[in-house]
Amino acid sequence: MPVPSILFPADPLNPRRPDPHFAWEARLIRELGGENLLVDHDALLAGHAEAAVRWLPRGCGPLWYRGWMLPSARYAEFAAALTARGGNLLTSPPGYASAHELPGWYGVFEGATPPSAWIPTTGALPPTPEELAEAVARLGGSGPAIVKDYVKSRKHEWHEACYLPELADLAAVGRVVRRFVELQGEFLAGGVVLRRYEEFEREGGPNGAGGPDRNGGDAAVGTGSAGAAGAAGGERRAVEARVWWLDGRPVLVGPHPDAPHLQVEPELTEVSALVRRLGCRFVTTDLASRADGSGWRVVEVGDGQVSDLPRGIDASGLLASLIAA
Ligand SMILES: Nc1ncnc2c1ncn2[C@@H]1O[C@H](COP(=O)(O)OP(=O)(O)OP(=O)(O)O)[C@@H](O)[C@H]1O
Ligand SMILES: [Mg+2]
């Protein structure tokens, strides 16, 4: 059985080397006895998949990708161009779309993840007020929520383009959603997703207590007042674990890349069963603990090929599993 090679995006400034962001992973693959191959990410994004794989040898066999996120349509072109060269991406285009986009994984994880409703959009046009009102109604019509697209949020513009303090205030929901769509611009993935806001444990200790208060004395964090806690949410992050799954097994449990210094040990029994049900070989799940201690929640699911690894993590077990898979 041929062993998989790993595709990395090339450095745009020096196409014979991996992109600097992935250089340490590529080096580790080589140290583990694996093979790296380079693809042209800019060409992939531009819709020129054949050109993007022009440096690959013919008959390159089984392949994993480790690189920047690709829209699902671009990933499908990538897979086809590799097939034409005798390569075989081990995650199929439908498998990629179902782990990468919320509507693809939501049905499997419903109940273990915040309730969500989505509105497909065309181009960069925001949903109409009627579409928004209908999505709000599907979420119960009131309470705090967040907005994101099928893949990403604008969590760094929390108040402006992410957090919805009250779904019943449709005018305010419309304003934040329109700003979100405007800021995403041509990068808006799939459509607009509204998700009920849940209170998670935050940086600084359980319920946000015990740590330095960077929110000007917002003592309501974690006290059950979702509005006030959400008001702080952009500045004091939920503590998340990123779990890397290969063939239904957790091969690496680490911090979220945004907070690589925070170690968390999530309970995985329920999530394991859901990941197996999703049926994708290589995925990540970001997990956060509910602030009231009532258990772990799936914040989001991702395709393992395009999930970022936190700086400084020991990824040798994960990468060794990939080249042995
Ligand atoms: N339903 C929710 N309730 C409370 N907080 C949430 C909710 N959804 C997201 N958040 C907060 O917003 C952050 C960003 O959300 P999410 O992870 O879905 O988007 P993202 O932009 O894809 O992030 P990532 O950098 O992990 O890819 C989360 O890390 C979490 O702190
Ligand atoms: Mg996230």
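Preceding this section is the structure that the text describes.
Below: a short report on this structure. (Residues numbered from 1 in each chain as written. Chains lettered and ligands numbered in written order. Predicted model: local features only at pLDDT ≥ 70, side-chain atom pairs only at ≥ 80, totals over all residues. Heavy atoms only, no water.)

### A closer look at the site of ligand 1
Heads up, the condition is: Proximity is defined per residue: any heavy atom of the residue falling within 4 Å of a molecule or strand makes that residue near it. Pairs of N or O atoms within 3.5 Å make up the polar contacts considered here, provided that, within protein, one atom can donate a hydrogen while the other can accept it, and that residues adjacent in sequence are counted only when both atoms are side-chain atoms. In short, Shrake-Rupley with a 1.4 Å probe defines the accessible areas, and a residue's cover is counted only from the protein chains shown. By the criteria applied, helices consist of DSSP H or I runs no shorter than four residues and strands consist of E runs no shorter than two, each listed in order from the N terminus. Classification used: nonpolar for Ala, Val, Leu, Ile, Met, Phe, Trp, Tyr, Cys and Pro, charged for Asp, Glu, Lys and Arg, polar for all others including Gly. Residue ranges for the domains originate in an automatic or database domain assignment.
Taken together, 20 residues lie around ligand 1, and Lys152, Ser153, Lys155, Glu240 and His256 are the ones closest in. Contact between ligand 1 and Val151: an oxygen atom at 3.2 Å from a main-chain N or O atom of the residue. Lys155 places a polar side-chain atom, nitrogen or oxygen, 2.4 Å from an oxygen atom of ligand 1. Summarising the interface, the protein chains cover 95% of the accessible area of ligand 1, which totals 600 Å² for the free molecule. Breaking the shell around ligand 1 down by element, the ones donating at least two residues are strand 7 (145-149), strand 10 (240-246) and strand 13 (296-303). Class assignment for the residues of the shell around ligand 1 results in 8 nonpolar, 2 polar and 10 charged. In terms of domain composition, the shell around ligand 1 takes at least three residues from each of domain 2 (114-233) and domain 3 (238-310).

### Examining the pattern of salt bridges
In plain terms, the rule: By definition here, a salt bridge exists when the distance from a side-chain nitrogen of Lys or Arg to a carboxyl oxygen of Asp or Glu is within 4 Å. Accessible area is worked out with a 1.4 Å probe on protein chains only. A residue is then buried under 20% of its type maximum, exposed over 50%, and partly exposed in between.
For the structure on display, the rule yields 14 salt bridges. A salt bridge links Arg297 to Glu198; the nearest nitrogen and oxygen atoms lie 2.7 Å apart. With Arg297 in strand 13 and Glu198 in the loop between strand 9 (191-196) and helix 10 (226-233), the pair connects residues that are 99 residues apart, well separated along the chain. Given the relative accessible area of 8%, Arg297 is considered buried. Glu198 sits in the buried class, given a relative accessible area of 11%. Here Arg202 makes a salt bridge to Glu199, at a shortest N to O gap of 3.2 Å. Classification of Arg202 as buried rests on a relative accessible area of 4%. Under the relative-accessibility criterion, Glu199 is labelled buried at 17%.

### Some points on the sheet that holds strand 6 (residues 116-120)
Stated precisely, the cut-off is as follows: For two strands to be treated as a pair, DSSP must find at least two bridges joining them. By definition, residues are in contact when any of their heavy atoms lie within 4.5 Å. In this description, a line fitted to the C-alpha atoms serves as the axis of each element, helices being fitted only across the stretch in contact, and the angle between N-to-C directions of two axes falls anywhere from 0 to 180 degrees.
The 4 strands lie next to each other as 6-9-7-8, forming an open sheet whose pairing is antiparallel. The outermost strands of the open sheet, each flanked by one partner alone, are strand 6 and strand 8 (163-164). Judged from the 2 bridges that link them, strand 7 and strand 8 form a sheet pairing that is antiparallel. Across the sheet, residue Ala145 finds its bridge partner in strand 8, namely Leu164. Together, strand 6 and strand 9 form the strand contacts of helix 6 (residues 102-109), whose direction differs from that of strand 6 by roughly 155 degrees. Sheet strands touched by helix 9 (residues 170-184): strand 7, strand 8 and strand 9. Its angle to strand 7, the strand with the most contacts, is close to 25 degrees.

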